[in-house]
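Understanding the architecture of this molecule
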Amino acid sequence: MTALPPGSTIGILGGGQLGRMLALAAAPLGLKCHIYSDVPGPAFDVAAKSQVGPFEDTDKIRAFAETVDVVTYEFENVPLEAAAAAQAAAPVRPGPKALAVAQDRLEEKSFIRGIGIPVAPFANVDSDASLKAALAAIGEAGILKTRRLGYDGKGQVRIKSAAELAPAFESLKRAPCVLEGLVPFAYEVSVLVVRSLAGEVRFYDLPLNTHKDGILDTSTVPSPLPAAHVARATEIAGAIATALDYVGVLGVEMFYLPDAAEPLVVNEIAPRVHNSGHWTMDACLVGQFENHIRAVAGWPIGPTTRHSDVTMTNLIGADVDRWQAFAAEPDTAVHLYGKPEARPGRKMGHVNRLKPRQ
Ligand code: AMP
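So, here is what we can say about the structure in this document. These numbers come from a predicted model, not from an experiment.

Strand order in the open sheet formed by 4 strands is S3-S2-S1-S4, and the pairing between neighbours is parallel. With partners counted over all chains shown, the strands left at the sheet margins are strand S3 (49-52) and strand S4 (70-73), one partner each. Across the sheet, the mean angle from the axis of one strand to that of its neighbour is 20°, orientation sign disregarded. In this structure, strand S2 (residues 32-37) lies alongside S3, joined through 4 bridges in parallel fashion. Its bridge partner lying in S3, His34 is registered against Lys49.

What follows is about the side chain of Glu253. Here Glu253 shows up in strand S13 (residues 248-256). Buried charged residue Glu253 carries no salt bridge. Nearest counter-charge: Arg272, at 6.0 Å. At a separation of 2.9 Å, a polar atom in the side chain of Glu253 contacts the side chain of His274. Once residues within four sequence positions are removed from consideration, Glu253 is found in contact with Val189, Ser190, Val265, Val266, Asn267, Glu268 and His274.

A grouping of Trp323, Val334 and Leu336 is seen on the molecular surface, where their side chains present a nonpolar patch of about 250 Å² in accessible area. Following the sequence through the fold, Leu336 ends up in strand S16 (residues 332-336).

Once that is clear, we can look at the site of the ligand. Around the ligand lies a shell of 17 residues, among which Lys145, Gln156, Glu180, Val183 and Glu188 are the nearest. Here a nitrogen atom of the ligand and a side-chain polar atom of Glu180 are 2.9 Å apart. Contact between the ligand and Val183: a nitrogen atom at 2.8 Å from a main-chain N or O atom of the residue. Computed on the free molecule, the ligand has an accessible area of 470 Å², of which 89% lies beneath the protein chains in the complex. Put simply, the parts of the chain that give the shell around the ligand at least two residues each are strand S6 (142-146), strand S7 (156-159), strand S8 (177-181), S13 and strand S14 (264-270). Tallied by class, the residues present in the shell around the ligand amount to 6 nonpolar, 4 polar and 7 charged. Split by domain, the residues of the shell around the ligand number at least three in each of domain 2 (121-181) and domain 3 (187-356).

Below, the discussion takes up the packing of helix H3 (residues 80-87) against helix H4 (residues 96-103). Contact geometry of H3 with H4 gives a least axis separation of 10 Å together with a crossing angle of 175°. Taken together, the axis directions place H3 and H4 in an arrangement best described as roughly antiparallel. Here Leu80, Ala83 and Gln87 of H3 lie close against H4, whose contacting residues are Pro96, Leu99, Ala100 and Gln103. Across the contact of H3 with H4, the residue classes break down as 5 nonpolar, 2 polar and no charged.

Reading the values: rules and limits
- Residues numbered from 1 in each chain as written.
- Predicted model: local features only at pLDDT ≥ 70, side-chain atom pairs only at ≥ 80, totals over all residues.
- Heavy atoms only, no water.
- Pairing = 2+ DSSP bridges.
- Helix = DSSP H or I, 4+ residues; strand = E, 2+ residues; numbered from the N terminus.
- Axes fitted to C-alpha atoms, helices over the stretch in contact; angles between N-to-C directions.
- Buried < 20%, exposed > 50% of the residue type's maximum accessible area, 1.4 Å probe, protein only.
- Lys, Arg positive; Asp, Glu negative; His and termini not counted.
- Salt bridge = Lys/Arg side-chain N within 4 Å of Asp/Glu carboxyl O.
- Polar contact = N/O pair within 3.5 Å; in protein donor to acceptor, adjacent residues only side chain to side chain.
- Contact = heavy atoms within 4.5 Å.
- Patch = residues over 30% accessible without salt bridge, like charges linked within 9 Å, V, L, I, M, F, W, Y side chains within 5 Å.
- Areas by Shrake-Rupley, 256 points an atom, 1.4 Å probe, with all protein chains shown as cover.
- Near = heavy atom within 4 Å.
- Nonpolar A, V, L, I, M, F, W, Y, C, P; charged D, E, K, R; others polar.
- Domains from an automatic or database assignment.
- Parallel < 35°, antiparallel > 145°, perpendicular 65-115°, else oblique.

Okay, structure coming up:
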């Protein structure tokens, strides 16, 4: 189990803002990043090398992996064939199992439930017959979600009565789905867990997350979650990371039901650094991006200790136009992703507003 020495190169599949912040975090450790992505993106501006190519081109992916010392990824929809092609030439961390589980809501929920962790009630929907069976199992109120490629609330339809289910399935183009029962949560929390190659597990403090139009708006730390429930939430996230033999940062999103016998229900996992962990960049000794790099490079993971209270606010679309005002705010760190066009709904940057730790 040898750590990659400074001067080594990490290959990152995906060229978005997460890849950009990973590459920026690798630099102070003396590690270089090479990016492979289907389109040029924010990571290209800061990486030692970048390459455009389709994720379906397994020969190209393998050739890319041959030029680096380890391969990681910054989005969960890397095709499994691409991960396998990369793995033929270099270690892929986190491993392809995490990808397979996180890419498919049915696999994900089955896996998590299979290790004894609560998830929302769910049923597979891939035909008219299974639609009927799902309705019988889950009841009338639920959410129909596509098994693959949903994010930020896309690819899902809320159902309020039995009559709405079939049209909802049609509107999702009869793509394979899961019907989920509605969880009456008080709020949503996420756990950012980092697991080293040697199997050591550390957690960041839990943020309280708010959403706007289905997109993460703010993450505030500390969250009001009682200590006993924080302990349970980290236990759950640690169990998932260990069961996946995970290496790197894993995001585990949960619903919180204060009065339920099982107050924490897992919604989904993200096998990568996570937007609800962006506050760690400025409020922790070692943030999520550096810790992901450390883990995949086989280094000891760094302290996840938080030195400040913080609210992270995403800058979506035209929010970024106020960059001068943000830059003038006291105790505020500004992170802009350098995207050329501030389209509505597009994540353009974030600000971390710090306060002394209470
Ligand atoms: P997802 O794409 O699964 O993260 O869902 C997007 C959002 O929809 C979540 O952040 C929740 O606010 C809401 N949601 C998803 N699944 C459920 C559920 N089973 N019960 C209640 N709300 C849900």
